[in-house]
Amino acid sequence: MSHKYEVIGEKRYKALESDKRFFIDTAKDCCRYTIPALLSYFEDNSRVYDIEYPYQCLGANGISNLASKLLTALTPSSLPFFKFMISDYGLIQERSQEISDFRIIVDKMLSDYALQVTDLIKTSNDTSFLYEMWQLLLVSGNVLIKDPDDNSNIRIYSLRDYCVRRDRAGTPVEIVLKENISPVVLPKEILEQIKVKLDMPSEVQELPSDERNEQKGYDIYTYCKREQESWYIHQEVKGIIISGTEQKVPLDACPFIALRIFNGAGEDYSRSYVSNYLGDLKSLDGLSQASIEAAAMISKHILLVDPTGLTDKDDVAEALNGETIDGRPSDVSFLQAQKGYDLRTVSEEASKIEERLNRAFLVTNGMIRDAERVTREEIRAVAKEIEEALGGLYSTCSHSFQVPYLKRKLYKLRKMKLLPPLDKNIKPVIVAGFEALGTNSEKDNLIEFMNYARDLTGGNFGAVFKTNNLIKKVASIMSINLDGLIYTDEELEQQKAQAMQQQTQQQGMDMLKAAIPQAVNNAGELMQIAGNMPQIPQGE
């Protein structure tokens, strides 16, 4: 049964628009105290230019730091953030005797395939857009990613530009995107239909291009509807479906990814990460403003001259540096605010808030104690604590971003015939972010166990443990390819055979060296015996 595309985008957008107003207002408030430049996603340019900047930069530093950590952890540039897994059952069960060797070959091929996918993804230059996406997601809590069908860059939309409806499980079932498009980029047949519908004169099409650019653009609505196992997508303008925009894509290949930072039960949108700490940010901004204004007031130098004294205030005011005037020192004094204790209280309270915010935004510099001797292990422990604290964000972002982003990229690359198809038993698995925390923990535990085992066994570590297998285990956990780095089993057997042969030859040489002096001695004794024997006369 074919799907019927209906002109419903604008109607559905207006019906869903009221549900997001609270989240947009909160996002604007969070932008003002962290990165005001992000307000351009929610306000017109004329209003963005009039914004007031905060009196502190801790919010901006915290968001930049956290966005960088999420970017490098979830989409690392040096290694793939995913790998392909294959089950033994059904595919290689007939090779039960060779399963280990065959598994190594298959894993090597899948690893090369993952590297090829990663290189193709890098060509799209999504990294610069993803960094701004993480900033916007942390501040506003909601972001829409559009990945075009061609190999162009992804596009980021704020909550101002789209509406989404989710089911009780949090899965998007309806997405409506609103964009303002200039008339010059619309097809001519669509412009003609708009003119007929709006009863516009046909001469509008003949306007010079620069004049058409100055006209107000049209609102284009992109409507995405999930039905059963597919997404149905089309674009419409002024009640007209744009021809050629209708498409049907699989569930895991939708070009629109609606992200949210927290999975609120029964909510279509999410509160932002910054909103949890907005109270501290506002308090720190107020204290910073008070401290700065007090410091500016204290830094102002005003001289007081006793009106009953002998010193003339005009002489003091007009005196040059180092000049001599008539007067008494007791007649002149500086105006003092006497607010040192109050400012100290403000500074102490601001320091407490900064410490809490540094921990919230995982800024290491503010969490390491200020002391003369801070050990390297202490710094490492703090860094590890920060990484583990990101586990909650990693788990949410892995489900909402990494999985759909990877599946969309694989769908595009196969559609563009840049990748060969894979067997249905091969599935992509995320290995970065939250999964990497478990991997690092496993690696640390294994290395710590090896250190303890080395101490317990003394010099017999190699006699108790299979060192080669331990090395392979650690390399596997760290995703390191050992090809050409360690000896194979055949090479080890050859080395053992060569060592035994050399040992046998050395033993023969040692025996020969030991036998030569004895042979010389025996020869000397024989010659001596022969010399002492009586000679038999000739002819007898």
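Not measured: the values here are computed from a predicted model.

Points about the pattern of salt bridges
Two side chains carrying opposite charge are able to pair once their charged atoms lie near each other.
And step 1. On inspection of all chains with the given rule, the structure shows 15 salt bridges.
And step 2. When the shortest N-O distance is used, the salt bridge between Arg408 and Asp149 registers 2.7 Å. With a gap of 259 residues between them, Arg408 in helix 13 (residues 391-415) and Asp149 in the loop between strand 2 (142-146) and strand 3 (155-157) connect regions that are remote in the sequence.
And step 3. Judged by its relative accessible area of 37%, Asp149 is partly exposed.
And step 4. Across the salt bridge formed by Arg165 and Glu174, the nearest N and O atoms sit 2.8 Å from each other.
And step 5. With relative accessibility at 28%, the residue Arg165 sits in the partly exposed group.
And step 6. Look at Glu174 and you get buried, because its relative accessible area is 2%.
And step 7. Overlapping salt bridges, with partners in common, bring together Asp126, Asp147, Asp149, Arg408, Lys409 and Lys412 in one network.

Details of the nonpolar core
And step 1. Of all hydrophobic cores here, the largest spans 87 residues; its most connected members are Phe84, Val117, Met133, Trp134, Ile145 and Phe361.
And step 2. Ignoring anything within four residues of it in the chain, the contact list for Trp134 reads Ala67, Leu70, Leu71, Leu74, Cys397 and Phe401.
And step 3. Counting residues in hydrophobic clusters, the runner-up holds nine residues, among them Leu191, Ile194, Val237 and Ile242.

Topic: the sheet that holds strand 2
And step 1. If you walk across this open sheet you meet the three strands as 3-2-10, and the pairing is antiparallel. The open sheet is flanked by strand 3 and strand 10 (256-260), the only strands paired with a single partner. Averaged over neighbouring strand pairs, the angle between their axes works out to 25° when direction is ignored.
And step 2. Here helix 6 (residues 127-140) sits on the sheet and contacts strand 2, strand 3 and strand 10; the angle it forms with strand 2, its principal contact strand, is near 155°.

A short note on helix 2 (residues 21-33)
And step 1. The first and last C-alpha atoms of helix 2 sit 19 Å apart over 13 residues, in line with the 18 Å expected at 1.5 Å per residue.
And step 2. Taken together, the buried positions of helix 2 are Phe23, Ile24, Ala27, Lys28, Cys30, Cys31 and Tyr33.
And step 3. Buried residues along helix 2 sit against helix 4 (58-74), helix 6 and helix 9 (278-298).

Things to note about the pairing of strand 7 (residues 230-237)
In the case of a regular strand, side chains alternate between the two sheet surfaces.
And step 1. Of all eight residues in strand 7, eight are buried, a share of seventy percent or more.
And step 2. The alternating pattern of strand 7 places Ser230, Tyr232, His234 and Glu236 and Trp231, Ile233, Gln235 and Val237 on opposite faces, both of which are buried.
And step 3. As paired strands, strand 6 (residues 218-227) and strand 7 are joined by eight bridges and run antiparallel to one another. Residue Ile220 lies in a different strand from strand 7, and its bridge partner there is Val237.
And step 4. Counting the residues in the hairpin turn of strand 6 and strand 7 gives two residues, including Gln228, whose phi is positive at 55°.
And step 5. Direction of pairing for strand 7 relative to strand 9 (residues 247-250): antiparallel, over a ladder of four bridges. Bridge pairing in strand 9 places Ser230 opposite Pro250.
And step 6. Note: strand 7 against strand 8 (residues 240-241), two bridges, orientation antiparallel. The residue of strand 8 that forms the bridge with Glu236 is Ile241.
And step 7. From the end of strand 7 to the start of strand 8, which pair antiparallel, there are two residues, and Lys238 there has a positive phi angle of about 55°.

Basis of the calculations
Residues numbered from 1 in each chain as written. Predicted model: local features only at pLDDT ≥ 70, side-chain atom pairs only at ≥ 80, totals over all residues. Heavy atoms only, no water. Salt bridge = Lys/Arg side-chain N within 4 Å of Asp/Glu carboxyl O. Helix = DSSP H or I, 4+ residues; strand = E, 2+ residues; numbered from the N terminus. Buried < 20%, exposed > 50% of the residue type's maximum accessible area, 1.4 Å probe, protein only. Core = buried A, V, L, I, M, F, W, Y, C linked by side-chain atoms within 4.5 Å. Contact = heavy atoms within 4.5 Å. Pairing = 2+ DSSP bridges. Axes fitted to C-alpha atoms, helices over the stretch in contact; angles between N-to-C directions. Expected span 1.5 Å × (residues − 1).

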